[in-house]
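Single-letter residue listing:
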Amino acid sequence: TFLGIFMILVLSCIPGRTNLCSNHSDTRSSLDSLDLEGYITFDDVHNASKDFGNRYQFPPLAILHPKTVSDISTVIRHILHLGSTSNLTVAARGHGHSLQGQALAHQGVVINMESLQNPDIKIYREKQPYVDVSGGELWINILKETLKHGLSPKSWTDYLHLTVGGTLSNAGISGQAFKHGPQINNVYQLEIVTGKGEVVTCSEKLNPELFHSVLGGLGQFGIITRARISLGPAPHMVKWIRVLYSNFSTFSRDQEHLISKKKGFDYVEGFVSINRTDLLNNWRSSFSPNDSTEASQFKSDGKTLYCLEAVKYFNKEEANSMNQETEKLLSELSYIPSTLFSSVVPYIEFLDRVHHGEIKLRAKGLWEVPHPWLNLLVPKSSIIEFATEVFNNILTSNNNGPILIYPVNQSKWNKQTSLITPSEDIFYLVAFLPSAVQNDLEHLLRQNQRVLNFCAEANMDVKQYLPHYETQREWRSHFGNRWETFAKMKHEYDPLAILAPGHRIFQKAT
Ligand code: FAD
């Protein structure tokens, strides 16, 4: 019978008993025979072999499409049972928008988290409202659902077609983080399947060590199957402002001024433009100049410019007071007056802005290309030295893609999560986001390395965000004095190092 075959396979796979499961096809059939509500596939591994970074290709042996949390637990327990007779590892795959193979499991099991739709998105309108979602849910779906109730998560990423589990494993940082902290600061509770196959609920009060470790924990301690996310009132509209600076110190001083205000903008970011032609004319399709004659006389060619981007949320009936507050805030800044542009758009259109860019790039075949991205967290005390060298000497253009730069203030962030940041309260997220479209991958990678070398030589307390390293020595240095705790938690919750092998932090015990 089916159960009989299953029992024979399970018994034969107990470590030390026999070597049967070291055989590839036996491993496969042992997975195939598991009693699941979802299902496992073996032949459609192409997509799960790569990620958005498009630089690494590692096919898994199998893909689990879980229907329930217990499907995930069953597969993990099975792999534990196989012990050292199998090399199987497990990677939760959210939307696969990692950059260096973090969601891959070479010859292991990839869990397609988006098929875990259980539970549905459930909204609770308490005094402090929240939403319960699956770890495989896309943020865009959460936004659409919560908006129906006039509510919204408070902290975002720039792009919403990412999963809850994927961004909570990193941090989830965007222009709201100075005010609300990153996404990992806006979670009340998680349900986790640990590397031992146990299903554990955790929060600040319940299993707090696991809760903090999983947030920003790069998927090392467990699989996030459910998350309870804090909500706030959703505005109808946003006023979206862009202004330019030619001087970096003035630009960064104004950004820091805006994030220090209690009643200021709701979103503050910025980007660098190196030697772009006709920058302002490119904006005109979606933004209006404050003074069109002056704006048309401004030339961006050959210059390095810094764009401050700020947004004020409002409801339709508050338009007048919002405009007054915005004018007042702008009067405190020292941007180039002719470069003031603004736009008024619905809240959802603003939040989902990168998706519009994606549609255009996909149409031109420019989305699925290599993305040698580099994200750094640079302390405030080093940012001018960093900008002077990187934007004037190391980079000669940003024709390959945007470079974001904006400060956040982590004084109110939860310091117990696994996220590693510089020690100063204020630091900048600097994101180099190029697409390699014309055989320029090697050049872009060399450029990234020059930036990293410069930071190391200048002894800046710079940390990588969405970190990527090849060796455990580098990982130890990334974590610094928090390495011991990270490794201890790994030993406790994933003792065989089965989970998230794509980060190359720990090796599966054999
Ligand atoms: P995946 O790539 O599928 O997985 C990422 C990692 O998380 C893997 O190690 C995986 O094993 C693990 N993981 C996935 N799901 C789970 C789970 N349920 N439980 C445990 N571990 C899990 N980041 C920002 O902070 N701010 C931004 O503004 C931002 N913008 C972006 C824009 C674009 C276009 C792209 C491609 C990425 C952006 N990112 C941003 C980075 C993004 O947050 C991370 O790459 C994130 O991991 C992607 O989520 P994903 O669902 O695709 O995860």
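Residues numbered from 1 in each chain as written. Predicted model: local features only at pLDDT ≥ 70, side-chain atom pairs only at ≥ 80, totals over all residues.

As annotated in an unreviewed UniProt entry, the chain carries the name cytokinin dehydrogenase and is attributed to Brassica napus. Listed under Catalytic activity (unreviewed entry) in UniProt, the entry text for the chain is "N(6)-dimethylallyladenine + A + H2O = 3-methyl-2-butenal + adenine + AH2". Quoted verbatim from the Cofactor (unreviewed entry) field of UniProt, the annotation for the chain is "FAD". (UniProt positions renumbered as here; feature names shortened; annotations may be inferred.)

J.: Outline the sheet that holds strand S17 (residues 403–409), supporting the account with residue identities and numerical values.
T.: Read from one edge of the open sheet, nine strands run S13-S15-S11-S14-S12-S17-S18-S16-S19, paired in antiparallel fashion. With one partner strand each, in any of the chains shown, strand S13 (288–289) and strand S19 (463–465) form the two edges of the open sheet. Two elements, strand S16 (residues 374–379) and S19, share three bridges in a ladder whose sense is antiparallel. Across the sheet, Asn375 pairs through a bridge with Tyr465, a residue of S19. (Pairing = 2+ DSSP bridges. Helix = DSSP H or I, 4+ residues; strand = E, 2+ residues; numbered from the N terminus.)

J.: An account of the site of the ligand is requested, with residue identities and associated values reported.
T.: In the vicinity of the ligand lie 37 residues, with Gly94, His97, Gly165, Gly166 and Gly219 positioned nearest. Broken down by secondary-structure element, the contributors of at least two residues to the shell around the ligand are strand S3 (90–93), helix H5 (164–168) and strand S10 (222–233). For the shell around the ligand, the residue count by class is 15 nonpolar, 19 polar and three charged. When we break the shell around the ligand down by domain, the ones giving at least three residues each are domain 1 (2–114 + 493–503) and domain 2 (122–233). (Near = placed C-beta within 6 Å. Nonpolar A, V, L, I, M, F, W, Y, C, P; charged D, E, K, R; others polar. Domains from an automatic or database assignment.)

J.: Go over the sheet that holds strand S4 (residues 109–112), please, and point to the residues and values.
T.: Taken together, four strands build an open sheet; the order of strands is S1-S2-S4-S3 and the sheet is mixed. The open sheet has two edge strands with one neighbour each: strand S1 (39–41) and S3. Geometrically, the sheet is characterised by an average inter-axis angle of 25° between neighbouring strands, direction not taken into account. As defined by bridge partners, strand S2 (residues 62–65) adjoins S4 across three bridges and the pair is classed as parallel. Within S4, the position partnered with Ala62 by the bridge is Val109. (Axes fitted to C-alpha atoms, helices over the stretch in contact; angles between N-to-C directions.)

J.: Residue-level account of the packing of helix H14 (residues 383–394) against helix H15 (residues 441–457), with values.
T.: What describes two packed helices is the angle between their axes and the distance between those same axes. Their axes nearest at 11 Å, the elements H14 and H15 cross at an angle of 150°. If you check the angle between H14 and H15, you find them roughly antiparallel. When the axes of H14 and H15 are compared, the crossing they make is right-handed. Facing H14, whose interface residues are Glu389, Val390 and Ile394, H15 presents Gln447, Arg450, Val451 and Phe454. For the contact of H14 with H15, the per-class residue count stands at four nonpolar, one polar and two charged. (Parallel < 35°, antiparallel > 145°, perpendicular 65-115°, else oblique. Left-handed = near helix turned anticlockwise from the far one by under 90°. Contact = placed C-beta atoms within 7 Å.)

J.: Hey, could you go over unusual backbone geometry for me, with residue numbers and the actual values?
T.: Although it is not a glycine, Asn54 sits at a positive phi angle of roughly 55°. With respect to the helices and strands, Asn54 occurs in the loop between S1 and S2.

J.: Hey, could you go over helix H4 (residues 139–147) for me, with residue numbers and the actual values?
T.: For an α-helix, the turn length of 3.6 residues means that residues three or four places apart are oriented alike. Turning to H4, its buried residues number three or more, namely Trp139, Ile142 and Thr146. For H4, the buried positions fall inside an angular range of 55° around the axis, keeping them on one side. The inward-facing, buried residues of H4 contact strand S5 (122–124), strand S6 (130–134), strand S7 (151–153), H5 and S10. (Buried ≥ 20, exposed ≤ 12 C-beta atoms within 10 Å, placed from the backbone. Arc of directions from axis to C-beta.)

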